[in-house]
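Each chain, written out:
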Protein chains: 2
Amino acid sequence: MRHRLTGLAALAAALLLPAAQADEGMWLPSQLPEVEAQMRAAGFEGDAAALSDLSRPPMSAVVSLGGCTASFVSPHGLVVTNHHCAHGAIQLNSTPEDNLIANGFNAATMADEVSAGPGARVLVTDRFERITDRILAGARGLSGRDYYEAVEAASKAAVAECEAEPGYRCSVVDMYSGTDFHLVRQLEIRDVRLAYAPPDAIGSYGDEIDNFMWPRHSGDFAFYRAYVGPDGKPAAFAPENVPYCPAAWLEVSTAPLAEGDFAMLAGYPGRTFRHRTAPEFAEQVEWQLPSRVELMGALLAAIERASAGDAGATVRYAAQVASLKNTLKRAQGELEGLRRSDAVAARRAEEAAMAAWLDGQPDAAGARADIAAALQVLDGARATRERDQLFSLMSAQTQLLRSAMQLQRLALERGKPDALRQPGYQLRDEPRIEAALRQAQRRYAPEVEQAILAELLARHRELPAEQRVPEVDAVFGTDATATAAALAALYSGTALDAEEERLRLLAADPGVARASVDPMMRAAAALLQAELRHEDEAKARAGELLRLRPAYMRGMIGHARSQGRAVYPDANSTLRVSYGRIQGLEPRDAVRYAPLTTVEGIVEKHTGVAPFDAPAPLLEAIARRDFGATADPALGTQTVNFLTNLDTTGGNSGSPVMDARGRLVGLNFDSNWEAVSASWMFDPRYKRAIHVDARYMRWIMSRVYPAPRLLREMGLHEEVADPQAPAAAAAR
Amino acid sequence: MRHRLTGLAALAAALLLPAAQADEGMWLPSQLPEVEAQMRAAGFEGDAAALSDLSRPPMSAVVSLGGCTASFVSPHGLVVTNHHCAHGAIQLNSTPEDNLIANGFNAATMADEVSAGPGARVLVTDRFERITDRILAGARGLSGRDYYEAVEAASKAAVAECEAEPGYRCSVVDMYSGTDFHLVRQLEIRDVRLAYAPPDAIGSYGDEIDNFMWPRHSGDFAFYRAYVGPDGKPAAFAPENVPYCPAAWLEVSTAPLAEGDFAMLAGYPGRTFRHRTAPEFAEQVEWQLPSRVELMGALLAAIERASAGDAGATVRYAAQVASLKNTLKRAQGELEGLRRSDAVAARRAEEAAMAAWLDGQPDAAGARADIAAALQVLDGARATRERDQLFSLMSAQTQLLRSAMQLQRLALERGKPDALRQPGYQLRDEPRIEAALRQAQRRYAPEVEQAILAELLARHRELPAEQRVPEVDAVFGTDATATAAALAALYSGTALDAEEERLRLLAADPGVARASVDPMMRAAAALLQAELRHEDEAKARAGELLRLRPAYMRGMIGHARSQGRAVYPDANSTLRVSYGRIQGLEPRDAVRYAPLTTVEGIVEKHTGVAPFDAPAPLLEAIARRDFGATADPALGTQTVNFLTNLDTTGGNSGSPVMDARGRLVGLNFDSNWEAVSASWMFDPRYKRAIHVDARYMRWIMSRVYPAPRLLREMGLHEEVADPQAPAAAAAR
């Protein structure tokens with residue numbers, strides 16, 4: 001079998017060829033010298049070694065906001081990110097008199113910049129250190145849950161040591177599924193201020209309707225500024241704080257863009273699953289996604305039936321319905337994409353090729369044994385997947401039952417030292433739990449929650465005996481009549497529907513919750529036993545996989561290396577670089593999308609009704625064709641957004657898009673619908689990333705809502721329309 | 001002002017320039033020599049003079065099916081048209097055992113060809129003669145309704161004389177709005193048989209979802225054969241009939257197609273309004289379409305409210321709801337298109353230019369007076385437009401009230417000689433009326449009809465006094481309370497909700513209906529008086545416009561001629577020719593549609609669920625890439641549909657699309673959504689026509705559902721897959 005590709009493998013190899021050409025990859029900066037030849041072939045003109053150094057420009061200019069990416073664009077701590085990443089800060093500073101969401105924000109002077117809120121952060125990565133030996137030293141020889149806990153303990157110790165120096169946030173990150181561990185240190189800037197935001201009708205033009213769509217016409221950008229204490233160290237917001245002086249900042253390009261141009265992007269992508277095994281790919285396509293689609297659809301129908309004709313209940317469940325619909329839609333998109341790309345066959349072919357290569361390696365037997373063992377662990381998880389899915393939704397999709405389970409769990413965890421408490425139930429999590437217990441009120445209707453549970457419990461009753469959760473059977477009965485009676489008794493008998501009762505139990509001694517005779521609290525106490533047991537099983541599996549997956553990953557990396565290919569680790573919220581090209585898309589037969597959109601599209605989409613309500617100053621500037629130096633010379637008009645084949649996922653929002661010389665040409669803000677499945681497989685035919693063109697940003701800031709102060713600070717020399725007289729200019 | 005264009009006019013002139021380049025026009029064949037130079041510039045290689053002769057090929061091969069167009073493609077009367085044009089015939093021959101809609105139809109021999117039904121027609125135009133003087137001789141000096149009736153009488157006489165020869169259907173058609181009249185004679189072939197149809201899942205792949213959409217993937221073709229009596233004359237279906245031998249038939253092309261290639265099309269387009277005056281354009285955009293959108297939306301809401309929770313009523317109103325939605329959607333599309341094209345400004349500019357030119361003409365004063373008088377007549381109609389719209393909907397959107405009004409009207413008309421009865425109420429119309437009276441049952445629910453009327457009557461009550469219809473006020477009262485009481489009394493008191501009662505009144509002596517004391521019949525008797533009065537007013541206006549519009553048309557034609565441009569008359573179901581090119585479309589910013597679709601798109605759209613349920617033999621043939629000579633050499637695959645800039649409208653379905661030498665390259669079957677407004681204005685940026693590629697037809701007939709007999713008859717030499725063994729071929 002060695003070196004002989006099956007039919008499917010050959011097909012997959014053919015499918016993969018363009019992937020390699022299309023510069024797939026979320027590279028660790030340290031890997032860039034390895035792929036420099038390919039980067040140069042794509043058009044890169046800089047120094048890959050310089051790019052790999054986090055302490056030097058341009059990488060030192062790329063920062064995390066925690067969930068979003070941003071970058072410094074001036075020596076005075078000016079930060080550019082997406083409008084949607086700054087949405088919370090914009091909302092926080094809005095008042096009935098001055099709605100910044102609707103009107104935008106443009107600080108006239110630095111003193112007018114407003115706090116983005118006490119939770120806002122700018123995180124500057126300054127250390128990234130491989131500490132695999134330290135993390136695994138205590139785990140060697142262990143297995144299962146012991147292995148898991150040894151890794152966790154070593155990680156916590158490394159973080160505590162690193163965070164001993166004030167002003168830093170540290171974390172240990174797992175690369176290649178347990179193969180390598182790195183310590184990441186980030187300077188944690190806590191005084192973040194809003195400097196500029198266009199109106200929402202520019203920043204999120206098209207909003208939910210255009211979400212995931214191309215062609216796109218959003219001015220999804222905003223400016224923050226990072227402030228530190230007078231001593232230059234991170235500090236909470238204070239009037240005397242001063243702008244942070246970053247080690248590097250990006251230069252904003254003034255050159256035009258065109259299809260085929262080199263582009264690269266740096267940021268903090270959240271999570272991908274591209275190195276999962278073929279059986280996991282198959283399970284995702286054959287069970288996870290289809291069952292999610294089916295189950296979310298059933299829950300939506302149950303909520304709709306139970307709230308029909310009840311306007312109050314409809315309002316209270318609107319957010320949950322929106323979230324279920326979003327989950328459903330994403331799952332459908334991911335399923336469609338993985339099927340279209342024949343992802344399972346492609347992954348099987350990759351594994352078959354790796355297995356064939358592995359046969360010839362000295363340590364093949366041990367690796368094969370580990371891989372086989374890992375697959376067996378996955379099989380074990382599969383045996384209870386229906387149970388785990390239904391059980392987790394019983395708390396995730398309810399308000400009262402979840403509240404009771406949280407109260408019982410907290411009562412349990414409060415009996416331990418804080419450091420040993422389950423993540424999510426530590427002291428720092430308590431305010432969040434209290435907020436959730438309060439909020440339950442606004443999102444709850446008893447008949448709807450019962451309908452949700454009835455739907456889940458009916459499915460639970462259909463499970464084979466070995467998957468049934470005894471505590472669920474005990475609490476809710478084993479036939480439909482018993483379940484209906486149990487639900488009715490539970491919801492008519494509980495006092496937990498009163499906010500004060502939930503807060504009383506939260507404030508009380510742990511024993512009070514445990515001793516409560518409220519039927520909901522009793523039910524939760526029983527179900528908590530099942531939750532803990534399932535958690536134990538999951539941690540044991542996680543430990544085993546952490547121990548065994550490295551054999552699989554080393555096989556994949558070794559095989560790739562034998563073919564001259566480098567392998568990037570799955571995304572894990574660490575700084576990554578992707579490179580590629582500005583590229584259009586042929587989403588389906590006879591349809592081609594150009595890679596650059598123009599302001600003409602804003603006018604085409606404009607209806608006057610949100611989300612297509614372009615502000616008058618924007619429409620007037622377009623009508624005047626007042627573009628100047630920011631216009632695209634080839635298109636003869638102002639561009640808005642552009643499309644690349646760059647490799648991105650959630651967390652890349654706000655990532656700076658750079659040209660061949662590292663100059664800022666745009667901001668990443670979305671992917672196309674066809675790319676929803678890219679968290680599992682990068683298909684070069686369909687994977688695109690959507691960016692704001694920096695020229696649009698410059699144009700808005702010079703001709704529509706002028707911000708000459710910020711333009712000058714970025715070293716830009718746009719001709720600025722008189723900000724005092726936009727109407728007069730329009731009338732001319 | 002002369003020769004000086006205003007800003008808007010200059011804009012419009014700029015807009016119009018591409019129109020001229022884009023070969024707009026539904027030309028009378030007789031006009032083709034006038035536009036031969038432009039045709040040659042577009043790539044035409046034939047003889048325009050030959051093309052202008054209806055008795056010579058290829059024009060003599062183009063036939064009407066009454067509503068659809070078709071063409072002869074063999075010397076033995078084989079006719080090709082759209083699958084959707086043959087849908088009735090396919091349905092008629094379907095049985096529970098052999099559902100031809102689902103399975104398609106493929107007559108093994110001529111004897112297996114089945115009747116398309118007694119109403120099916122193939123109409124071969126053989127005379128087209130200008131008879132303006134004869135038609136207008138008796139009208140000269142008259143005005144208003146007298147003018148109208150004189151034209152009508154002369155037309156009826158000409159038709160009667162022409163139809164004296166058996167086997168012909170004749171009509172008098174008005175060209176350029178009363179300027180010219182032509183007598184059209186068509187051989188009326190009454191034995192039409194179905195020879196071949198692909199399954200519905202090919203013939204209308206995508207159906208309602210893809211309707212008006214591009215990219216498209218429909219095999220919208222089917223074959224009829226025209227039969228005549230053994231004497232060669234038209235005859236009703238009879239076994240001894242023989243295939244008709246047409247004077248000409250089209251050769252099917254075997255050459256490839258590509259963007260930019262010359263294309264032309266001949267057919268029987270139904271109705272356009274491109275020569276309407278600028279005030280009529282403005283009224284269409286400012287009132288007709290918006291008020292239609294608003295009113296249809298209100299009626300839909302009323303029906304929905306009244307039938308909510310009543311499954312029976314919902315089913316009974318499903319067809320009316322679908323029709324209202326369709327009207328609403330089309331009106332929205334037309335409005336959107338006319339606004340996008342700035343049609344009113346363009347038309348005003350054309351009129352201003354014509355008026356300036358007219359000033360310098362000898363007969364300017366008289367022409368100006370007529371044009372002014374025509375505009376005054378239009379103003380008069382505008383004064384009662386709200387009334388006319390609401391009043392006509394009171395019968396058009398109801399079942400019982402309409403039935404009663406039809407019965408009263410028929411009672412009135414039956415008192416006249418048949419020839420003098422109002423069109424729609426002649427002897428030949430009575431079976432249709434009976435069918436409608438029977439059908440009312442299946443489409444009626446009293447609470448819904450009352451809700452529809454309540455909606456219309458509330459609007460009627462808001463009209464200014466001079467527009468209020470006294471009979472409506474008398475029957476339904478002048479305030480909401482009175483209307484509610486009147487509706488309740490009417491619908492509880494009528495016996496017309498029984499089918500037998502409606503049919504009894506239909507069968508009875510006219511006096512019985514007139515004397516009926518049924519409240520619905522009494523209401524209808526009163527409303528009929530208003531209907532007759534409004535009809536009188538409308539006929540008087542129609543007569544005046546018939547008399548006065550020719551001055552406007554002659555002005556437009558004269559001005560165009562002074563600039564070297566020919567003017568085609570508005571579509572009126574007579575044979576027309578359009579020429580242009582194969583051309584893609586840029587429907588909006590950053591989106592481009594290619595002009596050719598491929599079978600890959602069929603696979604992409606395939607879900608297995610109608611209307612995207614491609615049959616297995618089609619999917620298998622695609623998977624085999626079994627294309628042979630019909631594949632497109634440049635695309636390397638099988639094409640399906642293509643797009644041209646040809647000028648079409650309803651009635652052009654089935655029109656043969658021909659290449660520069662008059663060979664058949666496709667069949668027209670739809671327009672794109674962006675072109676819905678083309679009945680008023682041809683905008684070359686957006687107007688496209690959608691065609692089946694003849695190569696797809698040949699491929700389906702050779703490799704998927706083979707019909708070697710018909711291919712040979714058309715002179716085609718495709719390599720035919722063994723029709724006995726498609727599965728075996730698939731397995732190889």
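Right, let's walk through the structure included here.

The rules behind the values
- Residues numbered from 1 in each chain as written.
- Chains lettered and ligands numbered in written order.
- Predicted model: local features only at pLDDT ≥ 70, side-chain atom pairs only at ≥ 80, totals over all residues.
- Least-squares fit on C-alpha atoms with pLDDT ≥ 70 in both.
- Contact = placed C-beta atoms within 7 Å.
- Helix = DSSP H or I, 4+ residues; strand = E, 2+ residues; numbered from the N terminus.
- Nonpolar A, V, L, I, M, F, W, Y, C, P; charged D, E, K, R; others polar.
- Pairing = 2+ DSSP bridges.
- Axes fitted to C-alpha atoms, helices over the stretch in contact; angles between N-to-C directions.
- Expected span 1.5 Å × (residues − 1).
- Buried ≥ 20, exposed ≤ 12 C-beta atoms within 10 Å, placed from the backbone.

Focus: the relation of the copies chain B and chain A
These two copies of the chain differ by a rotation about an axis and a displacement along the same axis.
So, point 1. Taken as rigid bodies, chain B and chain A are interconverted by a rotation of 180° and an axial shift of 0.3 Å, the fit giving an RMSD of 0.2 Å. Such values leave the two copies arranged in the relation of a two-fold axis. The position closest to the rotation axis in chain B is occupied by the C-alpha of B:Arg592, lying 2.6 Å away.
So, point 2. Of the interface residues in chain B, 100% have counterparts in chain A that sit at the interface too, so the contact is made through matching surfaces.

Overview of the interface of chain B and chain A
So, point 1. Each partner contributes to the interface: chain B provides 14 residues, whereas chain A provides 14 residues.
So, point 2. Looking at the side of chain B that touches chain A, the elements with two or more residues in it are β15 (591-593), β16 (596-598) and α24 (599-605) of chain B.
So, point 3. Its residues assigned to classes, the side of chain B that touches chain A comprises six nonpolar, three polar and five charged.
So, point 4. By the bridge criterion, three bridges tie strand β15 (residues 591-593) of chain A to β15(B) in an arrangement that is antiparallel. Bridge pairing in β15(B) places A:Tyr593 opposite B:Val591.

Side note on the sheet that holds strand β20 (residues 689-693) of chain A
All names here are of chain A.
So, point 1. Pairing is antiparallel in the open sheet, where seven strands are placed in the order β13-β12-β18-β19-β20-β17-β16. A single partner strand is all that each edge strand has here, and the edge strands are β13 (576-581) and β16 (596-598). The sheet shows a mean angle of 30° between the axes of neighbouring strands, taken without regard to direction.
So, point 2. Note that β16 and strand β17 (residues 639-644) share two bridges and pair antiparallel. Looking at the pairing, Leu-596 lines up with Phe-642 of β17.
So, point 3. The strands touched by helix α26 (residues 694-704) are β17, β19 (664-671) and β20; relative to β20, the strand with the most contacts, the crossing angle is about 35°.

Considering helix α13 (residues 343-359) of chain A
So, point 1. Counted at 1.5 Å a residue, the expected span for α13(A) with its 17 residues is 24 Å, and the 24 Å between its end C-alpha atoms agrees.
So, point 2. Within the span of α13(A), buried status applies to A:Ala343, A:Val344, A:Ala346, A:Arg347, A:Arg348, A:Ala349, A:Glu351, A:Ala353, A:Met354, A:Trp357 and A:Leu358.

Some remarks on the sheet that holds strand β17 (residues 639-644) of chain B
Residue and element names in this part refer to chain B.
So, point 1. Strand order in the open sheet formed by seven strands is β13-β12-β18-β19-β20-β17-β16, with antiparallel pairing between adjacent strands. The two strands at the open ends of the sheet, each matched to only one other strand, are β13 (576-581) and β16. Between one strand axis and the next, the sheet turns by 30° as a mean value, whatever way the strands run.
So, point 2. Relative to the sheet, helix α26 (residues 694-704) contacts β17, β19 (664-671) and β20 (689-693), its axis offset from that of β20 by approximately 35°.

Just distances and angles here, no functional claims.
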